Each structure stands twice: as C-alpha cells, then as structure tokens.
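Descriptive analysis of the structure
Residues per chain are reported as follows:
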Amino acid sequence: MRIDIVSIFPEFFSVLDISLLGKARQQGLLDVAVHDLRDFTHDRHRTVDDTPYGGGAGMVMKPEPWGEALDHVLGDEADPEATTVIVPSPAGTPFTQALARELAAVPHLVFTCGRYEGIDQRVVEHASSRVTVREISLGDYVLNGGEVAVTAMIEAVGRLVPGVVGNPESLTEESHEGGLLEYPSYTKPASWRGLDVPPVLMGGNHGAIASWRHEQQLERTRRVRPDLLG
Ligand code: ADE
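Presented here is a report on the structure given in the accompanying data block.

Conventions adopted
Once a new chain begins, its residue numbering starts again from 1 and follows that chain's sequence as written. Where local features are concerned, this predicted model is filtered to residues with pLDDT of at least 70; where side-chain atom pairs are given and counted, the filter is 80 or more; whole-chain, interface and lining totals use all residues. Side-chain calculation: all heavy atoms of the structure are included, whereas hydrogens and water are not. The rule for a residue being near a molecule or strand is that one of its heavy atoms must lie within 4 Å of it. Any pair of nitrogen or oxygen atoms within 3.5 Å is treated as a polar contact; in protein, a donor-acceptor pairing is required on top of that, and neighbouring residues in sequence qualify only through side-chain atoms on both sides. For the area figures, the Shrake-Rupley method with a 1.4 Å probe applies, and any residue is considered shielded solely by the protein chains shown. Think of a 1 Å grid over just the protein atoms. A cavity is a set of points where a 1.4 Å probe fits yet cannot get out, a pocket is an open set with protein on both sides within 12 Å along at least five of seven lines, and lining residues have an atom within 4 Å of a point. Throughout, a molecule is located in a cavity or pocket provided that more than half of its atoms lie within 2 Å of its grid points. Helix numbering and strand numbering both begin at the N terminus, where a helix is a DSSP run of H or I of at least 4 residues and a strand a DSSP run of E of at least 2. Each salt bridge in this description consists of a side-chain nitrogen of Lys or Arg and a carboxyl oxygen of Asp or Glu lying within 4 Å of one another. Throughout this description, buried means an accessible area under 20% of the type-specific maximum (1.4 Å probe, protein chains only), exposed means over 50%, and partly exposed covers the range between. Throughout, a residue-residue contact means that at least one pair of heavy atoms, one from each residue, lies within 4.5 Å. Strands pair, by our definition, only if DSSP identifies at least two bridges between them. With the strands pointing away from the viewer, any crossover whose connection runs clockwise from the first strand over the helix to the second is right-handed. Grid points are joined across faces, edges and corners, and a volume is the space filled by probe spheres set on the points. Classification used: nonpolar for Ala, Val, Leu, Ile, Met, Phe, Trp, Tyr, Cys and Pro, charged for Asp, Glu, Lys and Arg, polar for all others including Gly. The angle between two axes is taken between their N-to-C directions and runs from 0 to 180 degrees, where each axis is a line fitted to C-alpha atoms and a helix contributes only its stretch in contact.

**A few points about the site of the ligand**
- Close to the ligand lie Pro 88, Ser 89, Pro 90, Ile 136, Ser 137, Leu 138, Gly 139, Tyr 141, Val 142, Leu 143, Gly 145 and Ala 149, which account for all nearby residues.
- A distance of 3.2 Å separates a nitrogen atom of the ligand from a polar backbone atom of Ser 89.
- With respect to the ligand, the backbone of Tyr 141 contributes an N or O atom lying 2.7 Å from a nitrogen atom.
- For the ligand, whose accessible area on its own is 260 Å², the fraction buried by protein is 96%.
- Because more than half of its atoms lie within 2 Å of the grid, the ligand is assigned to the largest pocket.
- Among the secondary structure elements, those contributing two or more residues to the shell around the ligand are strand 5 (83-94) and strand 7 (132-137).

**Structural notes on the pattern of salt bridges**
- Applying the stated rule across the entire model yields 14 salt bridges.
- The network of salt bridges with common partners includes Arg 2, Asp 4 and Asp 31.

**Here's the deal with the side chain of Thr 41**
- Counting through the fold element by element, Thr 41 comes out in the loop between strand 2 (31-36) and strand 3 (49-50).
- Assessed through its relative accessible area of 12%, Thr 41 is described here as buried.
- In terms of polar contacts, Thr 41 uses its side chain to reach the backbone carbonyl oxygen of Arg 38, at 2.6 Å.
- When sequence neighbours within four positions are dropped, the list of residues in contact with Thr 41 reads Arg 46, Thr 47, Val 48 and Pro 65.

**Remarks on the pairing of strand 5**
- Relative to strand 6 (residues 108-112), strand 5 runs parallel, the two sharing four bridges. Residue pairing in the sheet places Thr 84 in a bridge with Leu 109 of strand 6.
- Crossover connection from strand 5 via helix 3 (residues 97-104) to parallel strand 6: handedness right-handed.
- Bridge analysis of strand 5 against strand 7 gives seven bridges, and the strand direction is parallel. Along strand 7, the bridge assignment pairs Val 87 with Glu 135.

**Overview of the layout of surface pockets**
- For the largest pocket, the calculated volume is near 470 Å³.
- Lining the largest pocket are 26 residues, and of these Pro 88, Ser 89, Pro 90, Ala 91 and Gly 118 sit closest to its centre.
- When residues of the lining of the largest pocket are traced back to their parent elements, those giving at least two are strand 5, helix 4 (121-128) and strand 7.
- With five residues, strand 5 is the single largest residue contributor to the lining of the largest pocket.
- When its residues are assigned to classes, the lining of the largest pocket shows 13 nonpolar, nine polar and four charged.
- If you add up the space inside the second largest pocket, you get close to 290 Å³.

**A word on the sheet that holds strand 6**
- Strand order in this open sheet of five strands is 2-1-6-5-7, and the pairing throughout is parallel. The open sheet has two free edges, formed respectively by strand 2 and strand 7, since each of these has just one partner strand. Across the sheet, the axes of successive neighbouring strands diverge by a mean angle of 25°, strand direction being ignored.
- Sheet topology note: the strand 1 (residues 2-7)/strand 2 ladder contains six bridges and is parallel. Of the residues in strand 2, the one forming a bridge with Ile 5 is Val 34.
- Each of strand 5 and strand 7 is contacted by helix 4, which is oriented at about 140° to strand 7, the strand it contacts most.

The structure is reproduced here in structure tokens:
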C-alpha cells in the first residue's frame, strides 16, 4: 500500500518509523511518504492560511498550496477505485473498524492534515473530480489539526494490510470485529495479588472457553457500549 501524507508538521510523522508500522515499512509492505505543505507555497513567508470569506474566527487553509500538493502526490492518477484522499475533519463520517477495513483495500491513500478552521472546501470539490475523497472524523471532539487523527487512522488501516500483523487470527478476535467488544484476556501467573484467572480458561475445554468468552463479550458490550447492540 502506498500512503502519502501532506502536513505543515512533517516531523510529526517520525512516529511511523517505530513499532509494527515501522517494521512494515522496512519490509516494503507500506510505502509511506510525508510532504511539507509549505514546499508548495511561492511567497517569502510560505503562507498556507488566510482569513475566511464571510467573516468569523480563525483562519482557513488556502486552496493553492493544497492544489499543488495534491497534483504532486496524485500525478496523473484519476482512478477513484485505486486512490482515496482522506480529509480528517470533526465534520466528517465517523471512523470505524468497518471503514478501516474498506480503506485497507485501497492501493493508494493520501492523507491531508488541515490546521486552523480547515481547508478551503474547493480543494475537496476539485480532488473529488479525479479520485475518491472522504472527509473522516476520529470522534465527536475537536483536535487542533489533522495530524493526530491521521496517525490513528494510518495505524488502524495499516495493521489490516496483509502481512503487517504476524498472526492474522489476532485481527479477527479483537474489539469491533463482529460487532462486539473483545473478551478480557489473562496470562500467567494463575494467581496474582489474590486475584485468580477464571477457572474455565484453565480447564482445557475449548467449547466451554468459547462460550464463556462470547458471554463476556456480550456482557461487556451491554455494559459499556449498548449502542453497538442496536
Ligand atoms: N481535526 C480536528 N478534529 C478532528 C477530529 N475529531 N477528527 C478528525 N480530524 C480532526
């Protein structure tokens, strides 16, 4: 999978050099490039923002640097199936595991990190005429910019790319796969600070373990996230 990130804080994404995603990059499973939006400005101050038409607080990111940055990363690509531009925004579609799975199947993802009051809407409109564009929200709260949201999305999507997570079974047995939260996990020792591991997990009866785990998933989902049960 090819991933391009455009940001005014390219150094922020050094976090992608480490851990599982860093290893996936070294193995060539993820080809990640980070671009500085200011490299696509042409004035002495490398200006990326301006005051909003219609008034209001804050600044809006100018369309010209974004247009040039997207021209650069998209080249002559114009296939909505092969390329998705992701615009992180608190006004976007909620990011879910299902959406992460959908994005994991797209060969080329372009993440645009907005700051201030967002990016001039014509950038979304123009990019939509060439490739798929999705405005996506990490949750119902406001961050200072798209960088943290993009990092979370890349981690959630990247680990679904085949080969990135060593044991693919660990991907199917986790929260939000199958619509329920994950069951609680335990490891050795069997007794720790007066707390014992549930005996069913040590009995070796795989049927009993599976039904205990399913019940735990239901109980936890009912208690913490009843909205998931519909
Ligand atoms: N940018 C600012 N807040 C955001 C959010 N909640 N999700 C995605 N991008 C954002």
